[in-house]
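Here are the chains, one letter per residue:
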Amino acid sequence: MIPVLLEILQVIFLIGVSPLIQGIVKKTKAFLQGRQGPSIWQPYYDLRKYMNKDEVVSVHASWLFLITPYVVFATTIAVVAMLPVFMTHTLLSFTGQLVLVVYLFGMARFFTALSGIDTGSSFGAMGSSRDMFVSALAEPVLFTTLLAVALPVKTTNLTLITERVVSGHALLLSPTFYLAFLAFFILVITETGRIPVDNPDTHLELTMIHEGMLLEYSGKRLGLMMWSAWMKQALMYTLLMDFCLPWGISLEGKGPMLIADFVFVFLKLVVMAIVVAFVEMSYAKIRFFRIPRLLSAAFALSMIAIVTEYLL
Amino acid sequence: MSSSMALDTAVALVMSCILIGLFVAVTRRLTYIGHAAGVVTSLGFVFCAVVGLFVPPQYVSIAHGAFALTALSFRMNALAGFFVLVIGIVGLFASVYGIGYVREYAGRKSISLLVSGVLIFLGTMVSVVLAGNVFTFLVSWECMSIVSFLLVIYEHEQHEVQSAGFIYVVMTHIGTVFLTISFLIIAHYSGSLSFHVMDTNHMPDGMKTLVFLFALIGFGTKAGLVPLHIWLPRAHPVAPSHVSALMSGVMIKMAMYGFILVVFEFLRVGPVWWGILVSCIGAITALLGVLHALAQRDQKRMLAYSSIENMGIIFMGLGVSLIFTSLHAPIFAAFSLLASLVHALNHALFKSLLFLGAGAVLSKTHTKNMDRLGGIIRKMPWTAGFTLMGALSISAMPPFNGFVGEWMLLQSAFGLATSEHSPWISVFAVLMVGAFTMTGALVAMAFVRSFGSTFLALPRSESAQLANEADMPMRIGMAGLAGLCLLTGLFPTRWVEMLGRPVREITDVTLIINPFRFGFSDIEHANGHLSLISVLMTSVLALIFLWWILRLVGRRTSMVRQETWACGGMLTPLMTYTASGYSKPVRVAFQQILRPSRTLKRTEGSVYFPSKFVYVSKFTSFAETYLYRPVIQTVLRMARIVRAIQNGQVQSYLAYLFVTLIVILILVK
């Protein structure tokens, strides 16, 4: 009984902590810009506000627009239920496939992109077109990077990958992991829609990708979309840490060490958020048609990672 | 029921398809008999196929011709059973759909000819698969090509249709030449034309390679592999939509059947480069197919390009299987072959569904141009729902069937990457995974684009505004396929187990499938378990929980409908994003491949105050510019040279004859 409860706790932890991660990124960015910035708890206040607000929905929107936030939220939670956070065993360990994770993100993106077109707004459709394009370039990189880690441990099951990475620390010293880490970091930036690929804060319609598709949402549905995006951000951080920085993930999932592991993983997430904010502040947003170059650099890194793995 | 009865029934059904088809065509009446025959024989095919899949193979020779070489003979085994199953399922729903769809042509064209054509087409396809010797195979293959050609040029008044039909008939015959040669070489070395005694053990390696290459070209033409694909995007879209569904969903799978027959069953093991070549061609086909799909405005043409892409993926899987066979890894070879078969069945289901959906839109709006559609989700909610399910399946979104097939294909590529044969094979496998996933993401973009610009936003033309829901038979046809797409995704185990039979027949490997969690015990290190139903249940539970929490802590909110924000103005249909606009980033980023060109010409008004423009944007096909045009030009140049000796005078021709005679006499002596 206790393992299942812990697994559920793991899911609730990531769902609950994801707005805080967003808050920390925002606070750090504000600090670096010399502003005071909103409190790190602001995303929680936002969520409460969204959930209690009445909605304005476009007259042109169909049922697809109305169900999308629920589909996106549900698929994101399905990914949360597969991903090891502070212990390797998860609620859906038996089906926790790498491929499934990527395609579930794809499912959420598919529906978001359709809802962007649905209202007839050009901004939504523009964001949708750009998001699908960037994802088409990012997907092969994501897969090769994940494979760079999954190949030496010979499995595509997330729990097993994490278990084997945690127990075989020797792997972490090989150049494969450094290169895969770099490629992965570029992907985390891309997938979470941060500078230099996308700008999550801008209100200039022409620069936005992900925010463009959410433009017509309001109230509860906007809240769900935002929360899903924050969850995805926390998920990408966790995935990176599971694969490349696996210290402190509990193998047994019991005992007093579990609490220490829990705290350690939480601290890692916070540090990751601060690092991402630093990276975001040190770059300017690049032109849209420069993104392929950035991603091909990441692809090259991951391919080199794989080649070194076979040659060394 | 024994397998011989299944075979007899199937052959009888083929005969009745052809006879009833001819009867309907000749009498030009009684179309309803044709409709009924289509539905009943398809059901019969499904039944025979299931029996054929489960019982030991049977072989029968039914009619002897004047010469020993021309005996018609048929056989039923698990591989044939699988393909008959594909034909039967798609044929069934396409026939039901056809009852409603042919009303479109009432008064304009002869409906009975169309109905009989579809019926004969179904019959000839089954006869290709059941063929038991070279003669029967080639005759059925030709009949299938010719009947499909006639169906393609059904609306032959249009110029576009004529040229499409012409290119199709030329390309398909080039393909037939190659595969005739490859069959005859095998027959020569095994001393028989019958498939069940084909024996390539005594064949020299050079001949094997030749047979392999010719089979690849011959069947690759039918499958639409790049660069032999140029007929497919022309011919498939111009046919009536349920025929397009049959051609894209089923007919190109006949090429896959033929390829498996020749390479996996007859040649068995080849050098590693065979597999590498096939998977490279598959990868290039997949990527180019989807990039071209993204550039199309014509909805059915875009679907045709997507069929090319899917055949590419299937051939990637077959190639990986060949590599495993050459590396003596029989279990993985069997697994990759199974993955290809699963994807072939899935593609048959969702591609037919998408073609039927496009046909429904076409019949109600009379346009295939996605830039002129839009907003019809409110007018055609059922069609929109089914098409969305098809789009989700083809984009491999869980929990639909497309995901199961792609997951298996990725697992087999992953298996190749972790097989410790040679580092280069592993790196090659990773590159394949890269190409595969990029294709996958572009497919998702292509279908967001096509669904979005057809069904969502505002109607961009009057015909889109006046659309209404498709007729009942059409809806039933689409509903059946959509239901199968979802069911085979959620509960894949039984289906995949069934498809394991032909794989066992070819490779002698039985893959053990874990019945509770979809997974394969033999593919141990991949730990491939997949349970989409539990993922779905987790998501649904999470949603219920969320709803409960929101009810507990939140207040009831209301919803107001307002106009979409359009920077202060009124939103007009012209302001909405079109399909062309949507794929602009792809066109720009891949301009080296797609080579888009545009011309803007002023037709009215002065230079400074133009009042009317003509804007043309088009793509130059890579294959046509760099492969076909030079070949055609060379042929024409040769013809021009040869023409010099043709002066039209009888005397000179007599002189040629005389000279030839003398030369022959000297040579013979």
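Only a predicted model underlies this, so the values are computations on that prediction, with no experimental measurement involved.

Criteria and thresholds
Residues numbered from 1 in each chain as written. Chains lettered and ligands numbered in written order. Predicted model: local features only at pLDDT ≥ 70, side-chain atom pairs only at ≥ 80, totals over all residues. Helix = DSSP H or I, 4+ residues; strand = E, 2+ residues; numbered from the N terminus. Buried ≥ 20, exposed ≤ 12 C-beta atoms within 10 Å, placed from the backbone. Contact = placed C-beta atoms within 7 Å. Rg over C-alpha atoms; globule rule 2.2 N^0.38 Å. Expected span 1.5 Å × (residues − 1). Core = buried A, V, L, I, M, F, W, Y, C linked by C-beta atoms within 7 Å. Pairing = 2+ DSSP bridges. Domains from an automatic or database assignment. UniProt positions renumbered as here; feature names shortened; annotations may be inferred. Axes fitted to C-alpha atoms, helices over the stretch in contact; angles between N-to-C directions. Parallel < 35°, antiparallel > 145°, perpendicular 65-115°, else oblique. Left-handed = near helix turned anticlockwise from the far one by under 90°. Nonpolar A, V, L, I, M, F, W, Y, C, P; charged D, E, K, R; others polar. pLDDT = per-residue confidence, 0-100.

Which parts of the structure should I look at to understand the overall build of chain B?
If you tally the helices and strands in chain B, you get 24 helices and 8 strands. Principal axes of the C-alpha set define a box for chain B whose edges measure 105 × 75 × 60 Å. Out of the 669 residues in chain B, the part that is buried amounts to 54%. Intrachain contacts of chain B at a sequence separation of at least 6 include 79% that bridge at least 24 residues.

For this particular structure, what's the right way to read the overall build of chain A?
When you go through chain A residue by residue, the secondary structure sums to 11 helices and 1 strand. The helix and strand sequence of chain A, counted from the amino end, reads α-α-β-α-α-α-α-α-α-α-α-α. In summary, chain A has a C-alpha radius of gyration of 19 Å against a globular reference of 20 Å for 312 residues, a match within 12%. With respect to the principal axes defined by its C-alpha atoms, chain A has extents near 55 × 45 × 40 Å. Pairs at least 24 residues apart make up 79% of the contacts formed inside chain A by residues separated by at least 6 positions.

Just checking my understanding: could you explain helix α6 (residues 159-190) of chain B for this structure?
Each full turn of the α-helix corresponds to 3.6 residues, which orients residues three or four apart in the same direction. The end-to-end C-alpha distance of α6 of chain B, which contains 32 residues, comes to 47 Å, matching closely the 46 Å that a straight helix rising 1.5 Å per residue would cover. When α6 of chain B is considered as a whole, its buried residues turn out to be A164, G165, Y168, M171, T172, G175, L179, S182, F183 and I186 of chain B.

In this structure, what is going on with the nonpolar core? I would like to understand it.
Burial of nonpolar side chains together is a common tendency in soluble globular proteins. Judged by nonpolar contacts, the single largest core of 326 residues is most densely connected at A10, V84, M125, L338 and A413 of chain B. With sequence-adjacent residues up to four places away left out, A413 of chain B is seen in contact with V320, A429, M432, V433 and F436 of chain B.

Explanation requested: helix α17 (residues 472-490) of chain B in the structure shown.
Residue and element names in this part refer to chain B. The end-to-end C-alpha distance of α17 is 27 Å, a good match for the 27 Å that 19 residues give at a rise of 1.5 Å each. All of the buried residues along α17 are M474, R475, G477, M478, G480, L481, A482, L484, C485, T488 and G489. Looking at the buried side of α17, the elements it contacts are α3 (78-101), α12 (330-365), α13 (381-394), α14 (401-418), α18 (492-507) and α19 (532-553).

Mind showing me how you'd approach the interface of chain B and chain A here?
By a widely used convention, the size of an interface equals the accessible area lost when the partners come together. Taken together, the contact pairs 67 residues of chain B with 67 residues of chain A. Only α14, α15 (423-455), β5 (529-530), α19, β6 (559-562) and α21 (584-589) of chain B provide two or more residues apiece to the side of chain B that touches chain A. Take the side of chain B that touches chain A: its biggest share by element is 16 residues, from α15 of chain B. Taken together, the 4 bridges between strand β1 (residues 55-58) of chain A and β6 of chain B define a ladder with parallel strand orientation. The residue bridging V56 of chain A from the neighbouring strand is V560 of chain B, located in β6 of chain B.

Please clarify how the domain arrangement of chain B should be interpreted in this entry.
On domain assignment, one finds that chain B holds domain 1 (271-549) and domain 2 (594-669). Spacing between the C-alpha centres of domain 1 of chain B and domain 2 of chain B amounts to 40 Å.

What should I look at first to understand the UniProt feature "transmembrane region" (unreviewed entry) in chain A in this one?
Residues and elements named next belong to chain A. The residues that UniProt annotates with the feature "transmembrane region" (unreviewed entry) are residues 6-25, 63-85, 91-111, 132-151, 171-189, 257-279 and 291-311. Within residues 63-85, the helical portion is 78% and the strand portion 0%, while the C-alpha atoms at the span's ends are 35 Å from each other. As annotated, residues 257-279 comprises 100% helix and 0% strand, and the C-alpha atoms at either end are separated by 33 Å.

Just to check I follow, could you spell out the packing of helix α5 (residues 134-152) of chain B against helix α9 (residues 241-267) of chain B for this structure?
Packed helices, taken two at a time, are described by their axes: the angle between them and the distance between them. Residues and elements named next belong to chain B. The geometry of α5 relative to α9 is characterised by a closest axis approach of 12 Å and an angle of 160 degrees between their N-to-C directions. With respect to α9, the axis of α5 lies roughly antiparallel. Crossing angle aside, the handedness with which α5 passes α9 is left-handed. Residues M144, S148 and L151 of α5 lie in contact with α9, whose contacting residues are V243, M247, M251 and M254. Grouping the amino acids of the contact of α5 with α9 by side-chain chemistry returns 6 nonpolar, 1 polar and no charged.

Help me out: how do you make sense of the confidence of the model for chain A in this one?
Keep in mind that low pLDDT regions are not for reading the predicted coordinates in detail. Confidence in the prediction for chain A averages 88 pLDDT; 96% of positions are at 70 or higher. Per-element confidence in chain A is highest for helix α3 (residues 63-80) of chain A, whose mean pLDDT is 94, and lowest for helix α6 (residues 158-167) of chain A, whose mean pLDDT is 83.

When you look at the environment of Y168 of chain B in this model, what are you seeing that I'm missing?
Residues and elements named next belong to chain B. As for its position among the elements, Y168 is in helix α6. Once the C-alpha coordinates of Y168 and T493 are considered, the two residues, 325 residues apart in sequence, prove to be 38 Å apart. When sequence neighbours within four positions are dropped, the list of residues in contact with Y168 reads F149, V152, W231, R234 and A235.

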